[in-house]
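# Breakdown of the fold
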Amino acid sequence: MSSLQALCSGLPLRPLPENRGRWAGVPHAPVRTPGLSPVEEQLALRNALRYFPPDLQELLAPEFAQELRQYGHIYMYRLCPSIEMRAYPIEQYPCRTRAAAAIMHMIMNNLDPAVAQFPQELVTYGGNGQVFSNWAQFWLTMSYLSQMTEEQTLVMYSGHPLGLFPSSPGAPRLVITNGMVIPNYSSRTEYEKLFALGVTMYGQMTAGSYCYIGPQGIVHGTVLTVLNAGRRYLGIEDLAGKVFVTSGLGGMSGAQAKAAVIVGCIGVIAEVDKAALTKRQKQGWLMEVTDSLDHCMERLREARRKKDVLSLGYHGNVVDLWERLVQELDTTGELLVDLGSDQTSCHNPFSGGYYPVQLGFTEAQSLMASNPAAFKALVQESLRRQVSAINRLAKENFFFWDYGNAFLLEAHRAGADVEKKGAQKTEFRYPSYVQHIMGDIFSQGFGPFRWVCTSGDPQDLAVTDQLATSVLEEAIAAGVSPAVQLQYVDSIRWIREAARHRLVVGSQARILYSDQKGRVAIAMAFNQAIARGNIKAPVVLSRDHHDVSGTDSPFRETSNVYDGSAFCADMAVQNFVGDAFRGATWVALHNGGGVGWGEVINGGFGLVLDGTQEAEQKAKVMLSWDVSNGVARRCWSGNKKAYEIICQTMQENNGLVVTLPHEVANEHVLQQALQL
């Protein structure tokens, strides 16, 4: 198929495209091991064939059966389109509504080989963050979107397009749910079976909601995290000569190298997959690569001495790197690292998210498929070794945090020494980055707001950058609190650095941490610029699900909620529902994302700005709710900064009335009552 018109014409059945199988030269997802019984294999095959008329099933059945047994899932490789997969300018999509065209733009960006981690398996990032479960679902979804009117809503069940249903112009054009499995059955083992059956899907966060913007998003988050880690742990603003050690250069973690350069420190990032290292180096995100620990130590010392800015990729296992740093400390007395974290896909540790130090990359992939139990044992031993090395370094002036990838959670399950005595279930020996670094930022309503210029024109993105910068500068000039001003200044610096470092991969997009006032003001400025013609096409507003209100995740986003409600998902579900009836163009609700399946409920949205008054009103109401919901929840849980923000917001908005908590004034009252 060579055109978008053909891509929107429904399943290509007459004739079927040639089955070219897995493509060479692109990364592929690890083989899955769902452990289906013969009866379950038949069910998986039956479920896949129901997309096709009976006269084609005899041809497709053995093909799909082979995929299932060889790869652990039916991806329908035959249907992988031959068109160049990328975010085309919005006017090129054959649609009846601009909202549908904007959604198509976002879907194709998520599957762009320059963006997606495993494009032919429809995985955008995180090792298993699916856009769809199979290619038939992609074709059908594009067809439905091309037909959709302003009085229809497309309903998506874990990648499967259920169909177009009558609605109203004010309703969302698209409603997505991913992984909504009954809680008692939401285990990893059950997930592998249900995904193989084709009945559920792990959408990560912005993979299955069609809102991923490439690694730029996590670059910004990592920049803010490392900057604020320097402020908190080292007491400094200038990170020159300071060393940040971590792991992972894949879909999300690939951002770490560029973030180290932007903050001005020395970043050393371990990665077992040579292809990931090569990709980041070609993009210009990774300055140097080595597979020698000796050279790594030599280069690290030199950069520290000269206070060079450096991103150094170590092709090898991060456990070897941590253990070598311990060896250097014990033999020379020299601590060569200041800050550390981990961004392996530990939410998925036994299916390619974490590679054990005892095996090479190819050897590990083979064992993962042939003997999952043995592979799991090696992974857990490797986690214990990694934690042991980190613990030794932490006795010195070195600071480590969990980056919300379930590293400490999985290390704890593996028996590693990460326990924090007398702590709550969400606390370990080392803090989550939300607990120590980003939690206060969330409590003030700041989070990863983002936008996409659907014209595909870099000039439109430059206009939005200038508008966003002006909005924040005007807010500072008008007067804001010191805490808010610090975040605005960081955001202005980010916009300038992002443009200078050419962080766009895929769609013309930008991410910016902002609070409620900032998001609304920026949206208004964009919408007015579209109306004037200064921006040539609609702008899609969105955010990472990892935000103030979007995610209930006790080991990440809500790990700093200590009233016992960290394991409750009311906030994320209410946010999804509230965004839907306040004007979002599309909404999504997911099980899993970040820390893994069954560990989190999260949601997101897309909102199309088209220069109309209706779009402006929707943005005002929806964006205000999308932030204030989470701030109010944190206020009720006892967060003082959130309390201050929500009180101020109530004074400015007559329609907002929030239940405020009273502190227990005397702890003796509790103790005396419990004794009775």
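A short tour of the structure in this document, coming up. (Residues numbered from 1 in each chain as written. Predicted model: local features only at pLDDT ≥ 70, side-chain atom pairs only at ≥ 80, totals over all residues. Heavy atoms only, no water.)

### What about helix H20 (residues 570-581)?
Look at H20: 17 Å from first C-alpha to last across 12 residues, which is about the 16 Å you get at 1.5 Å a residue. Of the positions making up H20, those classed as buried are Met 571, Ala 572, Asn 575, Phe 576, Gly 578, Asp 579 and Ala 580. Considering only its buried residues, H20 is in contact with strand E5 (174-178), strand E14 (539-543), strand E15 (551-552), strand E16 (586-591), strand E17 (601-609) and helix H21 (613-636). With its phi angle positive at about 125 degrees, Gly 583 sits one or two positions after the end of H20. (Helix = DSSP H or I, 4+ residues; strand = E, 2+ residues; numbered from the N terminus. Expected span 1.5 Å × (residues − 1). Buried < 20%, exposed > 50% of the residue type's maximum accessible area, 1.4 Å probe, protein only. Contact = heavy atoms within 4.5 Å.)

### Section: the packing of helix H17 (residues 458-478) against helix H19 (residues 516-532)
Across the interface, H17 lies against H19 with an axial gap of 9 Å and an inter-helix angle of 135 degrees. In terms of orientation, H17 and H19 fall into the oblique class. Considering how the two elements wind past one another, H17 and H19 form a crossing that is right-handed. Contacts from Thr 464, Leu 467, Ala 468 and Val 471 of H17 reach H19 at Gly 518, Ala 521, Ile 522, Ala 525, Phe 526 and Ala 529. Residue composition of the contact of H17 with H19, grouped by class: 8 nonpolar, 2 polar and no charged. (Axes fitted to C-alpha atoms, helices over the stretch in contact; angles between N-to-C directions. Parallel < 35°, antiparallel > 145°, perpendicular 65-115°, else oblique. Left-handed = near helix turned anticlockwise from the far one by under 90°. Nonpolar A, V, L, I, M, F, W, Y, C, P; charged D, E, K, R; others polar.)

### Concerning helix H18 (residues 482-500)
The end-to-end C-alpha distance of H18, which contains 19 residues, comes to 27 Å, matching closely the 27 Å that a straight helix rising 1.5 Å per residue would cover. Among the residues of H18, those classed as buried are Val 484, Gln 487, Tyr 488, Asp 490, Ser 491, Ile 492, Trp 494, Ile 495, Glu 497 and Ala 498. Close packing links the buried residues of H18 with helix H7 (216-234), helix H8 (255-263), helix H16 (433-443), H17, strand E13 (508-514) and H19. Just past H18, the residue Arg 502 takes up positive phi, approximately 50 degrees.

### Quick look at the side chain of Ser 637
Relative to the assigned elements, Ser 637 resides in the loop between H21 and helix H22 (640-652). With relative accessibility at 17%, the residue Ser 637 sits in the buried group. With sequence-adjacent residues up to four places away left out, Ser 637 is seen in contact with Val 561 and Asp 563.

### A short note on the side chain of Gln 516
For Gln 516, the position within the fold is in helix H19. By relative accessible area, which is 16% here, Gln 516 ends up buried. In this structure, Gln 516 is in contact with Gly 445, Leu 623, Ser 624, Val 627, Ser 628 and Thr 649, ignoring residues within four places of it in sequence.

### Examining the sheet that holds strand E6 (residues 243-247)
An order of E8-E9-E7-E6-E10-E11 is seen for the 6 strands of this open sheet, with the pairing classed as parallel. Only two strands of the sheet have a single neighbouring strand rather than two, namely strand E8 (288-290) and strand E11 (399-400). As judged from the 3 bridges shared by E8 and strand E9 (residues 310-315), these two strands associate in the parallel manner. Bridge pairing in E9 places Val 289 opposite Gly 313. (Pairing = 2+ DSSP bridges.)

### Digging into a nonpolar patch on the surface
Judged by side-chain polarity, Tyr 157, Leu 162 and Phe 165 come together as a nonpolar surface patch covering roughly 290 Å² of accessible area. Checked against the element boundaries, Phe 165 lands in strand E4 (residues 160-166). For Phe 165, a relative accessible area of 38% corresponds to the partly exposed category. (Patch = residues over 30% accessible without salt bridge, like charges linked within 9 Å, V, L, I, M, F, W, Y side chains within 5 Å. Areas by Shrake-Rupley, 256 points an atom, 1.4 Å probe, with all protein chains shown as cover. Salt bridge = Lys/Arg side-chain N within 4 Å of Asp/Glu carboxyl O.)

### Quick notes on the packing of aromatic side chains
Inspection of every chain in the model, using the stated rule, returns 27 aromatic pairs. Ring centres of Tyr 355 and Phe 361 lie 4.9 Å apart, and the angle between their planes is 50 degrees; this geometry places the pair in the tilted category. Among the aromatic side chains, those forming a connected cluster through ring pairs are Phe 132, Trp 135, Phe 138, Trp 139 and Tyr 210. Lying across the ring of Tyr 71, Arg 22 places its NZ or CZ 4.0 Å from the centre. In this structure, Arg 582 packs its charged tip against the face of Trp 625, placed 4.3 Å from the ring centre. (Phe/Tyr/Trp six-rings, centres within 6.5 Å; stacked < 30°, edge-to-face > 60°. Lys NZ or Arg CZ within 6 Å of the ring centre and 35° of its normal.)

### Section: the pattern of salt bridges
Per the stated rule, a full pass over the model turns up 39 salt bridges. Where Glu 121 meets Arg 22, a salt bridge forms, and the shortest distance between an N and an O atom there is 3.5 Å. Remark: Arg 22 occurs in the loop between helix H1 (4-7) and helix H2 (38-49) and Glu 121 occurs in the loop between helix H4 (98-110) and strand E1 (123-125); sequence separation between them is 99 residues. On the basis of relative accessibility, which here comes to 0%, the residue Glu 121 falls in the buried class. In this structure, Arg 78 engages Glu 63 in a salt bridge whose closest nitrogen and oxygen atoms are separated by 2.7 Å. Placement of Arg 78 in the loop between helix H3 (54-71) and H4 and of Glu 63 in helix H3 is noted, with a sequence separation of 15 residues between them. A relative accessible area of 12% means that Arg 78 is categorised as buried. Classification of Glu 63 by relative accessible area gives buried; the value is 12%. Connected via shared salt-bridge partners are Asp 294, Arg 301, Arg 324, Glu 328 and Glu 334.

Remember, this is a structural readout, not a statement about activity or role.
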